[in-house]
Amino acid sequence: MKDVECLLKALADKNRLRIIKLLEARTLCVCELAYVLGITQPSVSRHLRKLRSAGLVECAQDHFWTNYYLKQGDETVKTLLACFKRHLDGNRVVKADRAKLKRAGRIKQCYKI
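What you are looking at is a predicted structure, and each value in this text was computed from that prediction instead of being measured.

A. Spatial organisation of the overall build of the protein. Tallying secondary structure elements over the protein gives 7 helices and 2 strands in all. Each helix and strand of the protein, placed in order from N terminus to C terminus, yields the pattern α-α-α-α-β-β-α-α-α. Compactness check: the protein gives a C-alpha radius of gyration of 14 Å against a globular reference of 13 Å for 113 residues, within 12% of the reference. The principal-axis extents of the C-alpha atoms in the protein amount to approximately 45 × 30 × 20 Å. Counting across all 113 residues of the protein, residues that qualify as buried make up 42%.

Here's what the structure looks like:
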């Protein structure tokens, strides 16, 4: 029961839901997420920490960057992500985020080129 409570608390924030939807598209770094969400990198890092703690997101180091991606989790996680896909893909904010993500580039965002 505590695991499900932790999972639902982690998802009870619009920016964390937006991060989940962005990570469905591809692996991203903090710079890219901050650019798309329009929030600071420390704020993105705090959200990612909560999502990792809940078992939704994992990360891997790749030279300079830490890459974040959706965890291929248990059945509860899979069910929730499928529900979000069904109910949030048509959301205007999610659509705008995905459009902005197409303009995001790791080098461009991280080095402010």
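From this point on, the discussion continues.
B. Inspection of unusual backbone geometry at higher detail. With a phi close to 55°, His-63 is a non-glycine residue in the positive phi region. Within the fold, His-63 resides in the loop between β1 (57-62) and β2 (65-70).

C. Region of interest: the packing of aromatic side chains. Counted according to the given criterion, the structure contains 1 aromatic pair. Ring centres of Phe-64 and Trp-65 lie 5.6 Å apart, and the angle between their planes is 85°; on these two criteria the pair is classed as edge-to-face. Sitting over the ring of Tyr-35, Lys-100 keeps its end group 4.8 Å from the ring centre.

Calculation notes
- Residues numbered from 1 in each chain as written.
- Predicted model: local features only at pLDDT ≥ 70, side-chain atom pairs only at ≥ 80, totals over all residues.
- Heavy atoms only, no water.
- Helix = DSSP H or I, 4+ residues; strand = E, 2+ residues; numbered from the N terminus.
- Rg over C-alpha atoms; globule rule 2.2 N^0.38 Å.
- Buried < 20%, exposed > 50% of the residue type's maximum accessible area, 1.4 Å probe, protein only.
- Phe/Tyr/Trp six-rings, centres within 6.5 Å; stacked < 30°, edge-to-face > 60°.
- Lys NZ or Arg CZ within 6 Å of the ring centre and 35° of its normal.

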